[in-house]
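These are the residues of each chain, in order.
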Amino acid sequence: MVRLQDFYTNKKVFLTGHTGFKGAWMAAWLQQLGAIVKGYALPPEYDNGVYDYIRPADSILDDIRNKAALQTAIKEFQPDFIFHLAAQPLVRRSYEIPAETFDVNVTGTANVLEAANNLKCTIVIITTDKVYENKEQDILYKEGDALGGYDPYSASKACAELVVSSFRNSFNNKAIASVRAGNVIGGGDWNKDRIIPDIVRALSNEQVIEVRNPVSVRPWQHVLEPIGGYLQLGALLQQDPAKYAKAYNFGPVAEDHLTVKELVEKAISIWGNGQWKDASKPGQLHEATLLKLDISLAKEELQWRPKLNAAQAIEWTINWYKQPANNRQAYTIQQINEYMQ
Ligand SMILES: NC(=O)c1ccc[n+]([C@@H]2O[C@H](COP(=O)([O-])OP(=O)(O)OC[C@H]3O[C@@H](n4cnc5c(N)ncnc54)[C@H](O)[C@@H]3O)[C@@H](O)[C@H]2O)c1
């Protein structure tokens, strides 16, 4: 295990997507490590996310497709690290805006890599577990498995993987890795069509939780798990690009995958009360039902492993939402510090 402070304290980190769920947690963690963070993203789509409680002083609110603005921001900042999280990240929205999803996720990634082309910096591009050609079988996907993507979101992220390997092969900066994580949960996510925000909204309003895919198995993990992995990989990649410039999966251990139904029932028990119902409909938009990741590469090469099991991840998540607004900043930092121990 590397000591993250040794790599990030006083280092310049360019972070895209810092106004979103995962990016805001990452910005908060980096600031705890003493990094100098510059964020680049669109304005937040919702209130009461982690960004509202802890935000980097240096923040550009612009589109990743604004190539000139992005290039200027990166070149002026001269980052030591870039973590690229900005994306259109929702499967169901990708059915409504397919071309835009490809534009943001594929061209956006190329824009980031082109802007950093001649810089000496370490780059981690965040894709997803959905980049694999999903065989709907009970298998664990490994980094070398075929890329695919049924829906526009998944396919756009598989394309982003090709962009990454193309830039790595074609240009000077070889210190580029991609990371594939599964369904991430944690406090401060208010995105539409995601299970935890759906649960919290229903429970807060004393409504029955409507569950679209109760039997789907997902690799649930707390948001600090993959982010810890991204930070660990960034540090090692900077030390030894030839070894670590590749793709890594981050997910829970195999015996810790839960169905959506199990997650909902656990969340209700931590909240204290509530009810759910099966709202699946025949002919609903296709969403993969079975998706498990093999995380042995990250375990072996990065010495990374999950610290929280699924039950703890749900507990940490629901406890965040139970905090009053005036304690959420302190609670976010408390969870980061507890996780780092
Ligand atoms: N949350 C998950 O379960 C999950 C799972 C796998 C992968 N991911 C990936 O992690 C990353 C972050 O996801 P998230 O859950 O935090 O999503 P989010 O929607 O909460 O945040 C997305 C971020 O991207 C920014 N963004 C979107 N379009 C942009 C554009 N055109 N220009 C500039 N910025 C733009 C938003 O402003 C926001 O800061 C994404 O790349 C996503 O695909 C998320």
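Now for a look at the structure at hand.

Basis of the calculations
- Residues numbered from 1 in each chain as written.
- Predicted model: local features only at pLDDT ≥ 70, side-chain atom pairs only at ≥ 80, totals over all residues.
- Heavy atoms only, no water.
- Helix = DSSP H or I, 4+ residues; strand = E, 2+ residues; numbered from the N terminus.
- Rg over C-alpha atoms; globule rule 2.2 N^0.38 Å.
- Buried < 20%, exposed > 50% of the residue type's maximum accessible area, 1.4 Å probe, protein only.
- Contact = heavy atoms within 4.5 Å.
- Areas by Shrake-Rupley, 256 points an atom, 1.4 Å probe, with all protein chains shown as cover.
- Lys, Arg positive; Asp, Glu negative; His and termini not counted.
- Charge placed at Lys NZ, Arg CZ, Asp CG, Glu CD.
- Phe/Tyr/Trp six-rings, centres within 6.5 Å; stacked < 30°, edge-to-face > 60°.
- Lys NZ or Arg CZ within 6 Å of the ring centre and 35° of its normal.
- Near = heavy atom within 4 Å.
- Polar contact = N/O pair within 3.5 Å; in protein donor to acceptor, adjacent residues only side chain to side chain.
- Nonpolar A, V, L, I, M, F, W, Y, C, P; charged D, E, K, R; others polar.
- Pairing = 2+ DSSP bridges.
- Axes fitted to C-alpha atoms, helices over the stretch in contact; angles between N-to-C directions.
- Salt bridge = Lys/Arg side-chain N within 4 Å of Asp/Glu carboxyl O.
- Parallel < 35°, antiparallel > 145°, perpendicular 65-115°, else oblique.
- Left-handed = near helix turned anticlockwise from the far one by under 90°.

Things to note about the overall build of the protein
And step 1. Helix and strand content of the protein: 14 helices and 15 strands.
And step 2. What you see for the protein is a C-alpha radius of gyration of 19 Å, in line with the 20 Å of a compact globule of 341 residues.
And step 3. Within the span of the protein, comprising 341 residues, buried residues form 57% of the whole.
And step 4. Of the contacts formed within the protein by residues at least 6 apart in sequence, a portion of 80% connects residues at least 24 apart.
And step 5. With an accessible surface of roughly 14,000 Å², the protein has 48% of that area assigned to carbon and sulfur atoms.
And step 6. Separation of charge centres in the protein, based on 36 positive and 39 negative side chains, amounts to 3 Å.

Here's the deal with the environment of Lys120
And step 1. Tracing the backbone through its elements, the reader meets Lys120 in the loop between helix 6 (98–115) and strand 5 (122–126).
And step 2. Lys120 gets classed as exposed once you look at its relative accessible area, which sits at 82%.
And step 3. A sequence separation of 52 residues divides Lys120 from Asn172, and the C-alpha atoms of the two residues are 9.1 Å apart.

A word on the packing of aromatic side chains
Aromatic ring pairs: the centre-centre distance and the angle between the two ring planes describe each pair.
And step 1. Taken as a whole and assessed by the stated rule, the structure comprises 13 aromatic pairs.
And step 2. Pairing Tyr8 with Phe81 gives two aromatic rings, centres 4.7 Å apart and planes at 40°, and the pair type is tilted. Of this pair, Tyr8 sits in helix 1 (residues 4–8) while Phe81 sits in strand 4 (residues 81–84), placing them 73 residues apart in sequence.
And step 3. Lys307 extends its terminal NZ or CZ atom over the ring of Tyr339, reaching a point 4.7 Å from the ring centre.

Description of the site of the ligand
And step 1. In the vicinity of the ligand lie 29 residues, with Thr19, Lys22, Ile64, Tyr153 and Lys157 positioned nearest.
And step 2. In the model, an oxygen atom of the ligand is placed 2.6 Å from a nitrogen or oxygen of the Thr19 side chain.
And step 3. With respect to the ligand, the backbone of Val184 contributes an N or O atom lying 3.0 Å from an oxygen atom.
And step 4. When the ligand is considered free in solution it has 820 Å² of accessible area, and contact with the protein chains removes 93% of it.
And step 5. Looking at the shell around the ligand residue by residue, the classes come out as 14 nonpolar, nine polar and six charged.

Things to note about the side chain of Thr332
And step 1. Structurally, the position occupied by Thr332 is in helix 14 (residues 328–340).
And step 2. A distance of 2.6 Å separates a polar atom in the side chain of Thr332 from the backbone oxygen of Arg328.
And step 3. Those residues in contact with Thr332, other than ones at most four positions away along the chain, are Trp25, Val50, Ile54 and Trp320.

Focus on the sheet that holds strand 1 (residues 12–16)
And step 1. Pairing is parallel across the open sheet formed by seven strands, whose spatial order is 3-2-1-4-5-7-12. Pairing within the sheet leaves two strands with one partner each, and these edge strands are strand 3 (58–61) and strand 12 (247–250). Taking each pair of neighbouring strands and ignoring which way they run, the sheet shows an average axis angle of 15°.
And step 2. Summarising the sheet, strand 5 and strand 7 (residues 176–181) pair through four bridges and their orientation is parallel. When the sheet's bridge partners are listed, Val124 is paired in strand 7 with Ala177.

Some words on the pattern of salt bridges
And step 1. Within this structure, the stated rule accounts for 15 salt bridges.
And step 2. Taken together, the shared-partner salt bridges connect Asp63, Arg65, Glu100 and Asp103 into one network.

Details of the packing of helix 2 (residues 21–32) against helix 14
And step 1. Between helix 2 and helix 14, the shortest axis-to-axis distance is 10 Å and the interhelical angle comes to 65°. With respect to their mutual orientation, helix 2 and helix 14 come out roughly perpendicular. Taken as a pair, helix 2 and helix 14 cross one another with a handedness that is right-handed. Judged by residue contacts, Trp25, Ala28, Trp29 and Gln32 of helix 2 engage Thr332, Ile333, Gln335, Ile336, Asn337, Tyr339 and Met340 from helix 14.

Purely spatial values, then, with no claim about function.
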